[in-house]
Structures are given as C-alpha cells and as structure tokens.
Amino acid sequence: MKYNLLGQRGPEGEINPDAPEGGQYIYDNPPGTGDNLGIQTSTTSNGSSSSVTNEAAMAIARSLFSFFPEAVLKEYAKSWVKYADPQLAIADVRTTTAWENEFGYLKREDGTLIMSEGEALSTKASYKETLQEVGITDTEQFNQKFKDLVSGEVSAAEFQQRVDLVYSQVVDQIPEVERLHRERYNINIDAPTVFGALIDEDISDKVLKGDIQTLQLQAQASIRGFTQNFARFEELKKAGLTVQQASQLYEAAQPTMELAENIGRELDITTLEEAAIGDVKASQRLSRVQAEAQTELGGVSVGAAKTRSGKITGLVEE
C-alpha cells in the first residue's frame, strides 16, 4: 500500500475518487517526509492559503496523528491549511487551547516538551500495564496521576519499580485492611481497590474516605491479636505513628508484656503505644521495667519498637 499527497493509503497507482486532489498512491512515506511533499499551498495577495481544503487537511491530520482527540485534529487541519508543512503545523497546534487541554502536561516551564504526544500515550499505556499486573484492571481513576507522573518525568521502568516496591511492602496488609473496612462501613472492597488507595491519596479519599492510613495501623495490630477500636488508631495516626513503627510496636508488644510479667511488673498495650509516640511518662515507665528486667534476668533481647526520635521502646539488651 502506498501513500498519496493527503496521507491516505491505497493500491499503488490508483486515485481515491472521493479525494482526487490527493493524486495517485505512489509514495512510500506520508506527507512531509521523504519525497512526499504533500499538497502545496499557494498564497494569495492577502496572505491567505487557498489550495488545500479543510477536508483534505483533516485527512492528512488523521493519517499523521490518528490518536489525537477530534478537537486537536481540527486544529492541526487548520494549521496544515496555513503551512502545508508537518513541523510548522504541529508547532502551531501546540500553541492552541485544544492542545493545552489535552497535552498541556507535556510542556515544561521553559516551553520545551518532556516527550511527544505519541510517546506520552505509550508511557501511560505502560503505567496501566504495571497496575494491571497487581490486579488493578480499571485504571480510569488514575488518569490524572498518570499525567502527573509524565510531568514529573517518571519513566515507565521507574514507575514499575515504585509499584513493585510498594506492593511488596503492603501485600500482607491488604486482606486485613479489606476486612476492617468491611466491618467499619459494611461495604465490600477488593484487594486491587485497597492497593490503589495505598498508592494514590486521591483514590484513598474517594474510596476509603481518607481512612487508609488508620486502617493500616489497625491492621498491623489486629493481625498480631490486638483489637482496639478505630478511634484509637485514628488518635495514634494523628500523634504521628507510622505504619512501619506500628509494625515494630505490635510485633514486639506481646513478648515485651510477657517479659514484664515475669519480673512482677505490668505493661499494657496502651503504655507501649504511648511510649512509641513519645509520651514521656510511658517512656519512663518502660525504661524502668527494662532496667529491672536486665538486672533480674541478666540481659534480655526481644523485638523492639522505636519512637519517632529513634529511641528503643521495647525491652532490649543495651
């Protein structure tokens, strides 16, 4: 199949009867490349172009940029009528409102492009494939996030690495977060939705009412047998407890409390939680128990939780 002057393709030597101005299908390349110069304009005395119809220009636009939305295609057709040159036409299109609305995220502050429109669509398609690999098949809600990633010049490979890293860190929490959300709102959500909320704050706000971090804290506790109400974990989140700190805290909590019991002392989960978020009285109490345990038992070592400052709040050998 060969090209004609309009960028249409057909059997070599033939002419499209609906667009005879395109001439024969004899070119190996689309208009503006190789020896296919496309339909040339003639300029009238008042500076207007006269020899390319809008219909012909739209045909060229569709042949070169079939992935453009209709509004951008129309702007390209207008620019082709003016210039009959692909480079000048696309440069002109990139100054229009229609292009800005669709592809404005591709432009840097200095006016240069991060990548072409086609490259951007390809990159976003790769982003979608990455999410589909972790079970997120409906990616419509990520459209703005994809644009932000392209604007931030995040490659498809880097996005893959980011998602893989986050997924490996939270995959074990997902079933518990699902269960807790179902109990709290009496609404079933699936694992892909939970993961989507974990990697996108906007989705978290829409789907999980902004509670994803609190539910993550609660999940860290509940999978280790500590069941407290949602309000308590909301307090801990506001106090600065992170998911990583919660994991350390609840992992060490049971052996820490048992060790305190062995020396005749009592520690409850609330004291350990308060110490983990930096409460002075709770931290001092925990330190006293730690010191006694080391004295009576000759040095101990159990899992440790750390405060935001990095201080050890579990019972460990110094």
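Relevant structure appears above.
To start, this report covers the structure provided alongside it. None of these values were measured; they are calculated from a predicted model.

Things to note about the environment of G38
Piece 1. Mapped onto the fold, G38 is located in the loop between β2 (9-10) and α1 (54-64).
Piece 2. Residues G38 and L6, 32 residues apart in the sequence, show an inter-C-alpha distance of 6.1 Å.
Piece 3. With sequence-adjacent residues up to four places away left out, G38 is seen in contact with L5, P31 and G32.

Here's the deal with the pattern of salt bridges
Piece 1. The final tally for this structure, using the stated rule, is 13 salt bridges.
Piece 2. With a closest N to O distance of 2.8 Å, R62 and E70 form a salt bridge.
Piece 3. Here E70 falls in the partly exposed class, since its relative accessible area comes to 37%.
Piece 4. In this structure, the salt-bridge partner of E235 is R232, at a minimum N-O distance of 3.2 Å. Of the two residues, E235 and R232 both sit in helix α12 (residues 230-238), 3 residues apart, roughly one turn of that helix.
Piece 5. What you see here is one network of salt bridges that share partners, running through R232, E235, E273 and E274.

Some words on the packing of helix α13 (residues 243-262) against helix α14 (residues 269-276)
Piece 1. Contact geometry for α13 and α14: axes closest at 10 Å, N-to-C directions at 135°. The angle between α13 and α14 falls in the class oblique. The way α13 lies across α14 gives a crossing that is right-handed. Across the interface between the two elements, L249, Y250, A253, T256 and M257 from α13 touch I269, L272, E273 and A276 from α14.
Piece 2. Of the residues belonging to the contact of α13 with α14, the class tally is 7 nonpolar, 1 polar and 1 charged.

Comments concerning the packing of aromatic side chains
Piece 1. Scanning the entire structure with this criterion turns up 13 aromatic pairs.
Piece 2. Ring centres 6.1 Å apart and planes at 80° place the aromatic pair F65 and F67 in the edge-to-face group.
Piece 3. The class for F65 is buried, based on a relative accessible area of 16%.
Piece 4. With centroids separated by 4.6 Å and ring planes inclined at 10°, the aromatic side chains of F65 and F68 adopt a geometry described as stacked. Neither F65 nor F68 differs from the other in exposure class; each is buried.
Piece 5. Geometry around Y3 places R9 over its ring, the cationic atom sitting 4.7 Å from the centre.

Some details on α13
Piece 1. In this model α13 runs 29 Å from its N-terminal to its C-terminal C-alpha over 20 residues, within 8% of the 28 Å that 1.5 Å per residue would give.
Piece 2. The largest bend in α13 amounts to roughly 40° and is located at A253, with the proline P255 lying one to four residues further along.
Piece 3. Turning to α13, its buried residues are Q245, A246, L249, Y250, A252, A253, T256, M257, L259 and A260.

About the cut-offs
- Residues numbered from 1 in each chain as written.
- Predicted model: local features only at pLDDT ≥ 70, side-chain atom pairs only at ≥ 80, totals over all residues.
- Heavy atoms only, no water.
- Helix = DSSP H or I, 4+ residues; strand = E, 2+ residues; numbered from the N terminus.
- Contact = heavy atoms within 4.5 Å.
- Salt bridge = Lys/Arg side-chain N within 4 Å of Asp/Glu carboxyl O.
- Buried < 20%, exposed > 50% of the residue type's maximum accessible area, 1.4 Å probe, protein only.
- Axes fitted to C-alpha atoms, helices over the stretch in contact; angles between N-to-C directions.
- Parallel < 35°, antiparallel > 145°, perpendicular 65-115°, else oblique.
- Left-handed = near helix turned anticlockwise from the far one by under 90°.
- Nonpolar A, V, L, I, M, F, W, Y, C, P; charged D, E, K, R; others polar.
- Phe/Tyr/Trp six-rings, centres within 6.5 Å; stacked < 30°, edge-to-face > 60°.
- Lys NZ or Arg CZ within 6 Å of the ring centre and 35° of its normal.
- Expected span 1.5 Å × (residues − 1).
- Bend = angle between axes of the 7 residues up to and from the residue.

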